[in-house]
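Close look at the chain arrangement
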Amino acid sequence: YSFALLVYPYSKWKILLIYLAFNIAYIIIFFYYLVTDPSLLAIRVSKFDSETKLIVASYVLITIAINLLTILIFIRKSMQSPNRVIQWKAKLILLAFLFFGIGAILDSVISLIALTLFITRLILLISSIIFYIGWTMPPKLAKLIVKEAA
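Not measured: the values here are computed from a predicted model.

Considering the overall build of the protein chain
Of regular secondary structure, the protein chain possesses 6 helices and 2 strands. Scanning the protein chain from its N terminus toward the C terminus, one meets helices and strands in the order α-α-β-β-α-α-α-α. Principal-axis analysis of the C-alpha atoms places the extent of the protein chain at approximately 60 × 45 × 20 Å. Counting every position in the protein chain, which comprises 150 residues, the buried fraction comes to 28%. Taking all contacts inside the protein chain whose residues are at least 6 apart in sequence as the whole, residues at least 24 apart take part in 57%. Accessible area for the protein chain stands at about 10200 Å²; split by element, carbon and sulfur atoms hold 74% of it. If the 14 positive side-chain charges of the protein chain are averaged to one point and the 5 negative ones to another, these points end up 19 Å apart.

Here's what the structure looks like:
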């Protein structure tokens, strides 16, 4: 909603309804298989890992693609801002999303052993930290960025 409101305010409800319909359809399918045959969604591999099946993996990949598209459009608009802090926020959010996308794809598509599980979760942790910095931009960091950019 926020993306549509900021970038495409006249089409926000159309965009929101399409995305809502997609997610409601997935939720219905997910709960149907959760009740009838959960092994079609995922199989528990170890105490900390599961292997997702086609339904969940497809949803994750489609959602990542949709979010990547919206993030790229949002970032392009932010990079056009004359405000250097907003430009840096956009760069950090893009970097975080790239880390998140890689981590999410690794987590949902490949079979993970102890080492790859650790690396995947580390990538997701790094993305969370960068997202936090990008969205909140601590004032001291913002001043440092503006000061060095000048």
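With respect to the environment of K14
With respect to the helices, strands and loops of the structure, K14 is situated in helix 2 (residues 12-36). Given a relative accessible area of 61%, K14 falls into the exposed group. The spacing of K14 and K147 is 133 residues in sequence and 42 Å in space, taken between C-alpha atoms.

As for the nonpolar core
Looking at soluble globular proteins, one finds that nonpolar side chains tend to be buried together. Membership of the largest hydrophobic core comes to 13 residues, with the highest contact counts inside it found for I71, I75, I93, F131 and M137. In terms of residue count, helix 4 (residues 84-109) provides more of this core than any other element does, 6 residues in total. Not counting residues up to four positions away in its chain, the partners in contact with I75 are A90, I93 and L94.

Analysis parameters
Residues numbered from 1 in each chain as written. Predicted model: local features only at pLDDT ≥ 70, side-chain atom pairs only at ≥ 80, totals over all residues. Heavy atoms only, no water. Helix = DSSP H or I, 4+ residues; strand = E, 2+ residues; numbered from the N terminus. Buried < 20%, exposed > 50% of the residue type's maximum accessible area, 1.4 Å probe, protein only. Contact = heavy atoms within 4.5 Å. Areas by Shrake-Rupley, 256 points an atom, 1.4 Å probe, with all protein chains shown as cover. Lys, Arg positive; Asp, Glu negative; His and termini not counted. Charge placed at Lys NZ, Arg CZ, Asp CG, Glu CD. Core = buried A, V, L, I, M, F, W, Y, C linked by side-chain atoms within 4.5 Å.

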